[in-house]
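# Breakdown of the fold
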Amino acid sequence: MKLKILAILTFVSMVFALYMIFIVAPRESTQGDAQRIFYLHVPLATFGYVGAFLLGFGSIRYLMTRDSKWDRLGHAAAEVTVAFITAQLITGSLWARPIWGPWWVWDARTTMQVVLYLIFIAYLMLREFVPEGPKRAILSAVFGLLAMIDVPINYLAIYLFRTQHPQAVISPGGGGLDADMAKALLASFVAVTLLFIYLLNRRLAIARVEEEINYLEQIVLAHE
Amino acid sequence: MKPVSAIIFKDIAIELRSKESLASMIMFAVLVLVVFNFAFESTGLDKSLVAPGSLWVAVSFAAILALNRSFAKETDNDCLQGLLLAPLSRGELYLAKVSSNFLFMLIAEIIILPLFVVFNALNFDFRFAEVIAIVFLGTLAIAGIGTILSTISSNTRMKEVMLPVLQIPLTLPLIIAAVESTREILMDDTGQVSSWLYILAGFTIVYLTLSYLLFEFAVED
Amino acid sequence: MTATLALQSQDIRKTFGHFTALGGVSLTVERGEFVALFGRNGAGKTTFLKVAATLVRATHGKLAIEGVDIHEEPEKARRHIGFLSHNTYLYRDLNPVENLRFFGRLYGVPDLEGRIHQLLERVGLQRRKSDPVRAFSRGLHQRLGLARVMLHNPSVILLDEPYTGLDANAVDMLNGLLDEAAAAGKTVILTTHDFDQGIRAATRTVIIDRGKVVLDSPAKDSAARDAYTEYIRLGLSR
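Residues numbered from 1 in each chain as written. Chains lettered and ligands numbered in written order. Predicted model: local features only at pLDDT ≥ 70, side-chain atom pairs only at ≥ 80, totals over all residues. Heavy atoms only, no water.

## Some details on the sheet that holds strand E5 (residues 68–69) of chain C
Pairing between the strands of a sheet is mediated by backbone hydrogen bonds and can be parallel or antiparallel. This is how it is decided: For two strands to be treated as a pair, DSSP must find at least two bridges joining them. Strands are runs of DSSP state E lasting at least two residues, helices are runs of H or I lasting at least four, and both sets are numbered from the N terminus onward.
Ordered by their spatial adjacency, 4 strands build an open sheet running E2-E1-E4-E5 (chain C), and the pairing between neighbours is antiparallel. Of all strands in the sheet, those bounded by a partner on one side alone are strand E2 (19–29) and E5 of chain C.

Here it is, written out as structure tokens:
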């Protein structure tokens, strides 16, 4: 029931955000309509870091309590975050092409996002290739923790690198944000946040069912 | 003799017998250095610009070879269980394995570094001592994080192939710091070296400590 | 003051995710006892042995070896324990002497070279002592594995299905070593599927089923054999 309400809320907020992005927000002077991707791109990028935090938190809590709900949280957060970063990388590329020329520009932010992406994918691959069971949860938690501590260190290194080798930076566009643009960005943030929460909860629900099935399977096997 | 030293001596004894690890590490690194030389020969770039990258690619991938081999020796016949039965803590076991891995990588680098200098016609002067220090620190960091990651990856169906997938994203800040500081020293442009060294040292300390604490979970049954 | 017990477990539980391997095992073993531990596959006997050997961490409960709590002082407890499973934990690249030397150093065995010599004689490996273990047959592997277990003179010897894959000679050697250990006052706990093998030198029979102790009686008691037969019969018809 709660999930249904969340789904409706998410849908409504997304429609509203789209309205704000395409109708209310003014056309940007230098970049034109392509700039509107920014309203989606920025919130998506933020959730890369939110997901990283959730994975790190879930990993520590699992190692401390061995309660599998933390393992499920880490896993679900990683999956949803990977989806979001994929969308963010694609929107970033679609944005860069008409405005700056190349499909991809290596700056501090994009490099960081790619590395974050690789870390999450490594986590998911690890889970995929370890046989189901408590060992998988422990190893995932250990790697999850090692990986998430790495995120700030990576950030430092990449930003230091890029300050030494400055490149063109994908930025929202000159000057401050117009009031309507700010509102559109806010609406988009709300929508993306709700979407993240909704997808996370959906994925967690699926994970709970998967565990139930596993449990029942084991009982059946034990009786044979 | 303390248990930690016993393990290191045992690893040395095994390596002396077969020399597989050292041979494959050195061979691989040499191949990488050669390939890089060909790849960038025609670009006319200053060797000092490209060389550091080639060195650290060679070192980090050779390290992966060594880490995989090292762990494979312990999973054979379930020898790791024998070590877990011994009167030493999981953290001490971790330190012993890091020491062995670190030692073998250093020995390989004694061969690799001179070759690196020769292939790239670098000046071998006193500044090179700083490069050696960076290599020392970077290798320690790779051994530190690689030891726990190889323990984790050996549990997967992909086994050895999983280690680079896990290790490369995580060691990226380490590689960047090592390459940049090496390059700056070689090009005598040492503005940022101290920042890079902080990152290198920080990475090493954080990951050695973290892995020491987490190792017991990685070997749990 | 009560004499130190070789092994004392209180309500040891172990769950692997949703699966309960041990549902509360409380066992008291005095020094010098020879316990034969029986149970179906998956009953929990291997898990219990591994918990006692500190290889697996119990989810609940306490266990002490020679008075040392394995959770509080695992390294100290391990000095008293010798554990053998069907994997021998031997390094294939090294020869028997080198293997034993390593394990001896690990445990801090005094007069190591002499002890190695003595053990290799006892298990009949003196002539092969310089050959890498890689070349050994299963039987020779097991013999060296036995030497490794006895090397640091553990007071509690835990064996998990030690008779699996052994030829008659090796079985005799194992029994000989176990009898010597028992005579020297060591405590032995072994698991096996073969009732007769297990009961041969045992002083006590324990049956574990689905993570709990269902029978615990003196070995020579005929009730033990009857109970075991019944247990197997029930298992086959399930």
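Having seen the model, we can carry on.
## Here we look at the interface of chain A and chain C
Cut-off, in case you're wondering: Note on contacts: a residue pair is in contact if any heavy atoms of the two residues lie within 4.5 Å. Two parts placed together each lose some accessible area under a 1.4 Å probe, and the buried area is that loss summed for both. Salt bridge, as used here, is a side-chain nitrogen of Lys or Arg placed within 4 Å of a carboxyl oxygen of Asp or Glu. Think of a polar contact as two N or O atoms within 3.5 Å of one another; within protein, one of them needs to be a possible hydrogen donor and the other a possible acceptor, and neighboring residues in sequence only count if both atoms come from side chains. Throughout, the ten residues Ala, Val, Leu, Ile, Met, Phe, Trp, Tyr, Cys and Pro are labelled nonpolar, Asp, Glu, Lys and Arg are labelled charged, and all others, Gly among them, are labelled polar.
Listed as interface residues are 4 residues of chain A and, on the opposing side, 4 residues of chain C. Taken together, both faces of the contact between chain A and chain C bury some 450 Å²; the carbon and sulfur share is 62%. On the surface where chain A and chain C come into contact, there are 0 salt bridges. Our count for the contact surface shared by chain A and chain C stands at 0 residue pairs in polar contact (both at pLDDT 80 or more). Ranked by residue count, the leading element in the side of chain A that touches chain C is helix H6 (residues 179–222) of chain A, at 3 residues. Its residues assigned to classes, the side of chain A that touches chain C comprises 2 nonpolar, 1 polar and 1 charged.

## Here's the deal with the packing of helix H5 (residues 138–151) of chain C against helix H6 (residues 168–183) of chain C
Residues and elements named next belong to chain C. Put simply, the test is: Between N-to-C directions, angles span 0 to 180 degrees; the directions come from axes that are lines fitted to C-alpha atoms, helices contributing only their stretch in contact. Any angle that is under 35 degrees is reported as roughly parallel, and any over 145 degrees as roughly antiparallel; angles of 65 to 115 degrees are reported as roughly perpendicular and all others as oblique. Whether a crossing is left-handed or right-handed is set by the direction in which the near helix is turned from the far one by less than a right angle, anticlockwise for left-handed and clockwise for right-handed.
Relative orientation of the contacting elements H5 and H6 amounts to 10°, with a least axis distance of 11 Å. The pairing of H5 with H6 is recorded here as roughly parallel in orientation. The handedness of the crossing between H5 and H6 comes out as right-handed. On H6, the residues touching Arg143, Leu146 and Met150 of H5 are Asn169, Met173, Leu174, Leu177 and Ala181. When the residues that make up the contact of H5 with H6 are grouped by side-chain class, the tally is 6 nonpolar, 1 polar and 1 charged.

## Digging into the side chain of lysine 10 of chain B
All names here are of chain B. Put simply, the rule is: Using a 1.4 Å probe on the protein chains alone, a residue whose accessible area is under 20% of its type maximum counts as buried, one over 50% counts as exposed, and one in between counts as partly exposed.
Along the chain, the position of lysine 10 falls in helix H1 (residues 3–18). Lysine 10 sits in the buried class, given a relative accessible area of 3%. Within the structure, the side chain of lysine 10 is placed 3.0 Å from the side chain of aspartate 11, a separation counted as a polar contact.

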